[in-house]
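Observations on the model geometry
Chain by chain, the residues run as shown.
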Amino acid sequence: MIKGQKSDVTKGRNVRELDVIFGWQCDNPGIGIDAAGFVLSERGRCERDEHFVFYGNPHALGGAVTHSASGGEGRETLRVSLPDLPEDADKIAMTVTIYEGEQQGHTMSNVSSLYIRLVDTAAGEEICRFDFGAELDKETAVVAGELYRHQGEWKFRAVGSGFFGGLRALCESFGLEVREEENAVSEAAAAAEPLMLSTIDLRKKTVGLLLEKKKLSGIVARVGLVLDITGSMRKLYNNGTVQEVVERILAIACKFDDNGELDVWVYDHEFSRLPSVTERDFAGYVQSRILGDPSIHKFGRNNEPLVMEDIVRKYTKEEPDSTPVFIIFINDGGVVNPTKKTLTEAAVHPIFWQFVGIGDSDFEVLSQLDTLPGRVVDNANFFPIADITTITDEELYGKLLNEFPLWLKEAKAIGILR
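All residue numbers refer to positions counted from 1 along the written sequence of the respective chain. For a predicted model such as this one, the threshold for reporting local features is a pLDDT of at least 70, and the threshold for listing and counting side-chain atom pairs is 80 or more; totals across whole chains, interfaces and linings nevertheless cover every residue. Excluding hydrogens and water, the side-chain values take into account all heavy atoms of the structure.

1. Considerations on the sheet that holds strand β7 (residues 75-81)
Definition in use: Whether two strands pair comes down to DSSP finding at least two bridges between them. The secondary structure listing takes helices from DSSP runs of H or I that are at least 4 residues long and strands from runs of E that are at least 2 residues long, numbered from the N terminus.
Ordered by their spatial adjacency, 6 strands build an open sheet running β5-β6-β7-β2-β9-β10, and the pairing between neighbours is antiparallel. If you trace the sheet from one side to the other, it starts and ends with β5 (59-60) and β10 (125-132), each paired once. Where strand β2 (residues 17-25) and strand β9 (residues 112-120) come together, 7 bridges link them in antiparallel fashion. Across the sheet, D19 pairs through a bridge with V119, a residue of β9.

Below, the structure written as structure tokens:
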């Protein structure tokens with residue numbers, strides 16, 4: 001598997017018990033590496049301390065999930081009995097951490113050959129394998145992958161996202177906290193306090209109400225965000241506007257996507273496919289994952305077809321699925337003409353393209369995309385926003401979701417969608 005890819009676990013297989021096997025190599029015997037699992041609710045939270053499964057708590061949910069360090073140095077296993085998982089167990093995050101990495105000065109740069117394998121326990125058949133970590137450096141924890149429910153089946157997603165802060169950072173990201181005095185995981189002490197909705201929660205609520213109004217509740221779609229990173233966008237990256245865009249679009253992904261994640265691309269005359277973003281890791285995403293990544297080409301000229309072709313490749317070749325795809329494409333002008341040809345050819349795929357022009361450009365090419373001739377179905381929409389920071393969430397989501405329902409209906413009518 002490659003990073004971000006999803007794999008069916010139970011669909012088409014009679015899998016009842018699953019071995020999730022973690023492996024690694026480390027030449028320094030003084031570095032302690034631990035595998036663990038966080039059993040999460042549909043809120044993406046580990047609701048109870050005992051739902052954190054590791055060497056110190058090897059049995060969870062009555063034995064539905066167990067931890068074992070057997071198998072030799074550099075290998076640990078989580079065994080999952082799928083029928084015994086309660087209905088409110090929506091996902092299991094599979095993680096690897098370095099014990100006291102920050103204190104000891106040990107990081108993932110000291111670890112190699114990290115992998116995670118899913119094996120049908122009864123049959124001994126490997127279902128999937130994900131080798132990860134080659135790009136990790138100073139991180140001390142990794143979410144290797146996620147086992148999650150989808151339409152009555154179980155699927156696995158290859159994540160491979162590193163965390164700074166080790167076990168503490170992971171626990172806090174999943175709703176737990178570490179008590180210093182006991183070095184143990186506990187539920188947040190404020191559990192009895194009134195629940196305060198965060199900005200992302202409020203935005204999700206706004207999206208949910210709009211979906212009910214448009215009779216889209218229950219619709220599942222994969223959601224992608226494409227961000228222009230040409231030279232004219234520099235100010236919007238530096239002043240936090242693009243980070244705000246990520247959060248606002250993430251709220252849509254949280255309501256649509258089967259795994260509550262937002263796929264992200266950036267492009268100028270090159271493109272980069274970035275790690276997906278979720279509620280747990282959207283804070284500082286632009287600064288850490290885009291501006292702080294020297295491998296990403298930034299602030300050049302426009303070339304939309306390259307990134308569009310990669311989007312089509314991901315959803316139709318690498319991860320073929322009947323689920324519709326909703327792409328939100330942010331651009332501040334200067335679109336190249338071959339974009340029209342790329343969009344026309346993409347009309348046969350289950351992908352809807354919502355272009356958003358920001359700023360005061362004339363958007364000559366973008367304004368023509370919604371009326372392009374020669375397509376089997378109208379697979380695109382465009383609207384401009386002079387200042388995206390001033391538009392309300394209600395207005396923005398209303399515009400974003402205006403034509404997507406029409407495309408769903410038309411695409412189903414001609415067989416692009418089932």
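2. Let's talk about the sheet that holds strand β11 (residues 141-150)
Spatially, β1-β12-β11-β8-β3-β4 is the arrangement adopted by the 6 strands of the open sheet, whose pairing is antiparallel. Where the open sheet ends on each side, the last strands, each with one partner, are β1 (6-8) and β4 (52-53).

3. Some words on helix α2 (residues 166-173)
Heads up, the condition is: With a 1.4 Å probe rolled over the protein chains alone, any residue whose accessible area is under 20% of its type maximum counts as buried; one over 50% counts as exposed, and the rest are partly exposed.
Of all the positions in α2, only G166, A169, L170, C171 and S173 are classed as buried. Following α2 by one or two positions, G175 has its phi on the positive side, about 95 degrees.

4. Concerning the domain arrangement of the chain
Heads up, the rule is: Delimitation of the domains relies on an automatic or database domain assignment. Note on definitions: a residue-residue contact is assigned when non-hydrogen atoms from the two residues lie within 4.5 Å. The term buried area denotes the loss of accessible surface (1.4 Å probe radius) that occurs when two parts are joined, taken as the sum for both partners.
Splitting the chain by domain gives domain 1 (5-174) and domain 2 (199-414). Put simply, the middle of domain 1 and the middle of domain 2, counted by C-alpha atoms, are 31 Å apart. Every contact between the two is made by 16 residues of domain 1 and, on the other side, 14 residues of domain 2. On the domain 1 side of the interface with domain 2, the three residues burying the most area are K6, H150 and R157, jointly 36% of the side's total.

5. Section: helix α11 (residues 404-413)
Helical geometry note: an α-helix holds 3.6 residues per turn, so side chains three or four residues apart project in the same direction. Put simply, the rule is: To obtain the arc, one takes the directions from the helix axis to the C-beta atoms.
Those residues of α11 that fall on the buried side of the exposure criterion are F404, W407, L408 and A411. When α11 is viewed along its axis, its buried side chains cluster within an angular range of 105 degrees and face the same direction. Counted as exposed and oriented over 90 degrees from the buried face of α11: L406, K409 and A413. Packed against the buried residues of α11 are α5 (241-256), β18 (325-331) and β19 (351-358). Immediately beyond the C-terminal end of α11, within one or two residues, lies G415, with a positive phi of roughly 90 degrees.

6. Remarks on the side chain of T140
With respect to the helices and strands, T140 occurs in the loop between β10 and β11. The exposure class assigned to T140 is buried, which follows from its relative accessible area of 2%.

7. Focus: the packing of aromatic side chains
The criterion, for reference: To pair, rings of Phe, Tyr and Trp, with the six-membered ring standing in for Trp, must have centres within 6.5 Å; the planes then decide the type, stacked if under 30 degrees apart, edge-to-face if over 60, and tilted in the middle. Consider the ring centre and the ring normal. A charge sits over the ring if Lys NZ or Arg CZ is within 6 Å of that centre and within 35 degrees of that normal.
Taken as a whole and judged by the stated rule, the model has 17 aromatic pairs. A ring pair is formed by F38 and F52, whose centres lie 4.5 Å apart and whose planes are at 15 degrees; its orientation type is stacked. Of this pair, F38 sits in strand β3 (residues 33-40) while F52 sits in strand β4; the two residues are 14 residues apart in sequence, bridging distant segments of the chain. Using a relative accessible area of 2% as the deciding quantity, one classes F52 as buried. When the ring of F363 is compared with that of F382, the centres are 5.7 Å apart and the planes differ by 55 degrees; the resulting orientation is tilted. Separated by 19 residues along the polypeptide, F363 in the loop between β19 and α9 (366-369) and F382 in strand β20 (residues 380-385) bring together distant segments of the chain. Residue F363 shares its accessibility class with F382, and that shared class is buried. Ring pairs connect the aromatic residues F38, F52, F54, Y55 and F174, which therefore count as one cluster. We note R129 situated over the ring of Y115; from NZ or CZ to the ring centre the distance is 4.2 Å. Across the ring face of F299, the terminal group of R234 is positioned such that the distance to the ring centre comes to 4.2 Å.

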